[in-house]
Amino acid sequence: MKFGEIFLGVLTAMGGFVEIGELTFTLNAGQQFDWALLWVVPLGTVGIMVYCEMAGRVAAVRGRPVFALVRERTGFNSALLTLLASLAVNLLTCAAEIGGVALLLQLLLGSPYRLLILVTFAMLVLVVWFVSFKWIERIFGLGGLLLIVFLVAAVYFGPDWTHVAQGLLPHVPRDAGARETLLYFFYAVALLSSIMLPYETYFYASGGIEDEWKPADVGLNRFVVLVGFALGGLLSASLVGVGTEYFAPNEIQPQSPGAAALGIAHVFGPIGLLLALGGMFFAFGGAAIETALSSAYNLAQFAGWPWGKHLRRRHAGRFTLSWLATFALAAVVALSGVNPISIVEYSIVFSVVILPFTYFPVLAVASDRTIMGKHANGPLANALGWFYLVLITGAGIAALPLLFLTHGGRG
Amino acid sequence: MTKPKPFDLVRDLLDHELVDVDHVPCGRVDDIELELTPQGLSISALLVGPGAWSPRLPALARMIARAMFGRERVRVPIDEVIDIGDVVQLRSRATQMGLGILDRRVGRWLSRIPHA
């Protein structure tokens, strides 16, 4: 068993489940609706597991990354639209993560925010330039695990487990008016989208090819997905818990990484605070790398350029230029002074609109026995694949009206 | 005798990745050139580049794409193709067919930076 591969799953899940947008968003979901939105976490976690497992399996068996399938299966025009939308989502998310890391550094060092954005940009470029893909997985995957402190805190707060169990069943909170009901559904759709972010699938499958997975690694892929994403789901659930058990009774709206760490500091003191801030540093940094590399993967796979961190930069010129450009543009967006959390909340909602276009080609290829042979989807994978495709299509249709009706989730 | 498997041009060839003799990706099949011969319709070349994919776009997007990327296209004669599977395998190097030129230019520029 190549145990080190687990960090690809962990890094992918960290970059998707606990990046700056979802971290604050999930805490706010708990703060506003207690445990009532908890059901979205397992629902989304199983969904992202199903599709990352399929994408990883296609990568292992046929060496085909997601965006190659998107172009071959949906045609040029539809793939181009998906590409442009995914680039926009990646860029906005990357900008938010750079802003998030800069905010964390500001808390620790007290230097000017804009200077720290430049420091963060330089640090990320140097990491991706000099550190191998495997070590990026290990450093940022392992570092992000510090966020387990949120899980410990959620249990430490001593939640009423009956309420927790009730939260696993979809239900609109009692006494909710029309405004609260709309807000509840907005949070449900956005939380689902933030768990099933499309760049997780792009990054995961491309990462499998970077790690040279072969058909014999199909079992490993399944294990990596199960462990990595279950951990991500557990962290997400614990954020709902901390929101419910700490922020709601104290009437605090966690709108920044510093505020999010407050709950932990309250329980575990300065050490807890440092663990939370350290975990966020690696999770946000990992998400920035994940989104910048995803942009480069998508462009290269769409256009048929040589790609991969494993190649010498001189042999993958446009791929290298693409991730450099994503970091640079994201730093410019962050420097413009927009609130990183607002950017990523919009990008989360727009993500759900492109999800069906990303997932359909993966499902079509993974279930095709002429392509995948004995590794094609079984009845369970097909049933789950279609269920989630219908679910995210519905969520995609509902996302924009809900965004406008709730004024971007502000009610 | 088994019936030969039908070959679907759109599904099995259009938009597929081209790899050269060294298995280096060098573009995608952006369009297919057909010719009418006494034996029937046959593929004469694969077309690659903005000049090949921009006509597939709606009018306004086509205009923007042409203004941004030009109309350059590379014609790969069908004799160059040795296999069509997940990818389209070519018998020559990408450079010999005029493919991947920009990638090499960017690569040369990047090679001036240490550790490239």
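Fair warning: this is a prediction, and the values are worked out from it, not measured in the lab. (Residues numbered from 1 in each chain as written. Chains lettered and ligands numbered in written order. Predicted model: local features only at pLDDT ≥ 70, side-chain atom pairs only at ≥ 80, totals over all residues. Heavy atoms only, no water.)

With that out of the way, let us pick up the overall build of chain B. Broken down by element type, chain B carries 5 helices and 7 strands. Counted from the first residue to the last, chain B has its helices and strands arranged as α-β-β-β-β-α-α-β-β-β-α-α. Its C-alpha atoms give chain B principal-axis dimensions of about 60 × 40 × 20 Å. At a minimum sequence separation of 6, the contacts of chain B that also span at least 24 residues come to 42%. Surface accessibility of chain B: about 7200 Å² in total, with carbon and sulfur atoms responsible for 58%. Averaging the positions of the 16 positive and the 16 negative side-chain charges in chain B gives two centres separated by 5 Å. (Helix = DSSP H or I, 4+ residues; strand = E, 2+ residues; numbered from the N terminus. Contact = heavy atoms within 4.5 Å. Areas by Shrake-Rupley, 256 points an atom, 1.4 Å probe, with all protein chains shown as cover. Lys, Arg positive; Asp, Glu negative; His and termini not counted. Charge placed at Lys NZ, Arg CZ, Asp CG, Glu CD.)

This part covers the interface of chain A and chain B. Facing the 27 residues of chain A at the interface are 29 residues of chain B. Roughly 2400 Å² is buried in total at the junction of chain A and chain B, and carbon and sulfur atoms are behind 52% of that figure. Scanning the region where chain A abuts chain B turns up 6 salt bridges. When the shortest N-O distance is used, the salt bridge between Asp-103 of chain B and Arg-318 of chain A registers 3.0 Å. Across the chain A-chain B interface, the total number found is 10 residue pairs in polar contact (both at pLDDT 80 or more). Counting residues per element, the ones that place at least two in the side of chain A that touches chain B are α4 (66–74), α5 (76–109), α6 (113–130), α13 (257–303) and α14 (317–335) of chain A. Taken together, the residues of the side of chain A that touches chain B sort by class into 10 nonpolar, 7 polar and 10 charged. (Buried area = accessible area lost by both parts, 1.4 Å probe. Salt bridge = Lys/Arg side-chain N within 4 Å of Asp/Glu carboxyl O. Polar contact = N/O pair within 3.5 Å; in protein donor to acceptor, adjacent residues only side chain to side chain. Nonpolar A, V, L, I, M, F, W, Y, C, P; charged D, E, K, R; others polar.)

Residues and elements named next belong to chain A. Examined against the element boundaries, Ser-86 turns out to sit in helix α5. What makes Ser-86 buried here is its relative accessible area of 1%. Dropping the residues within four chain positions of it, Ser-86 is found in contact with Phe-67, Tyr-202, Asn-298 and Ile-354. (Buried < 20%, exposed > 50% of the residue type's maximum accessible area, 1.4 Å probe, protein only.)

On to the pattern of salt bridges, then. Enumeration according to the criterion identifies 17 salt bridges over all chains in this entry. Residue Glu-72 of chain A pairs with Arg-28 of chain B through a salt bridge whose shortest N-O separation is 3.1 Å. With Glu-72 of chain A in helix α4 and Arg-28 of chain B in strand β2 (residues 25–28), this residue pair bridges two chains. When its relative accessible area of 1% is taken as the criterion, Arg-28 of chain B is described as buried.

Let us now look at helix α1 (residues 6–17) of chain A. Residue and element names in this part refer to chain A. Over its 12 residues, α1 runs 16 Å from end to end, which matches the ideal 16 Å to within 8%, given 1.5 Å per residue. Of all 12 residues in α1, 12 are buried, a share of seventy percent or more. Of the positions making up α1, those classed as buried are Ile-6, Phe-7, Leu-8, Gly-9, Val-10, Leu-11, Thr-12, Ala-13, Met-14, Gly-15, Gly-16 and Phe-17. (Expected span 1.5 Å × (residues − 1).)

Okay, the layout of surface pockets next. Taking a probe equal in size to a water molecule and rolling it over the atoms shows the remaining empty space. Taken as a whole, the largest pocket holds about 1400 Å³ of empty space. Per element, the largest residue contribution to the lining of the largest pocket is 7 residues, and it comes from α5 of chain A. For the lining of the largest pocket, the class distribution of residues is 30 nonpolar, 8 polar and 8 charged. In terms of lining, the second largest pocket is formed by 34 residues, of which the most central are Pro-306 and Leu-311 of chain A together with His-23, Val-24 and Pro-25 of chain B. Of all elements in the fold, only β1 (17–19), β2, β7 (87–90), α4 (94–97) and α5 (101–110) of chain B reach the threshold of two or more residues within the lining of the second largest pocket. It is α5 of chain B that provides the largest number of residues to the lining of the second largest pocket, a total of 4 residues. (1 Å grid on protein atoms, 1.4 Å probe; cavity = no way out; pocket = protein on both sides within 12 Å on 5 of 7 lines; lining within 4 Å. Points joined across faces, edges and corners; volume = space filled by probe spheres on them.)

Residue and element names in this part refer to chain B. Residues of strand β5 (residues 74–77) alternate between two faces, with Val-74 and Val-76 buried on one and Arg-75 and Pro-77 left unburied on the opposite face. Where strand β4 (residues 40–48) lies against β5, 4 bridges are found, and the strand directions are antiparallel. When the bridges of β5 are listed, Leu-46 appears paired with Val-76. (Pairing = 2+ DSSP bridges.)

This next bit is on the confidence of the model for chain B. With 97% of its residues at a pLDDT of at least 70, chain B reaches an overall mean of 91. Taken over the whole predicted complex, pTM reads 0.92, whereas the ipTM for its chain interfaces reads 0.93. (pLDDT = per-residue confidence, 0-100.)

Attention now goes to the pairing of strand β6 (residues 81–84) of chain B. As a general feature of sheets, a regular strand has side chains that alternate between the two faces. Residue and element names in this part refer to chain B. Where β6 lies against β7, 3 bridges are found, and the strand directions are antiparallel. Paired with Ile-84 across the two strands is Val-88, which belongs to β7. Here β6 folds back onto β7, and the loop between the two strands holds 2 residues.

Moving on to α14 of chain A. With 19 residues, α14 of chain A should cover 27 Å at 1.5 Å per step; its first-to-last C-alpha distance of 27 Å lies within 8% of that length. Close packing links the buried residues of α14 of chain A with α5, α6 and α13 of chain A together with α5 of chain B. Positive backbone phi, approximately 95 degrees, marks Gly-337 of chain A, located one or two places after α14 of chain A.

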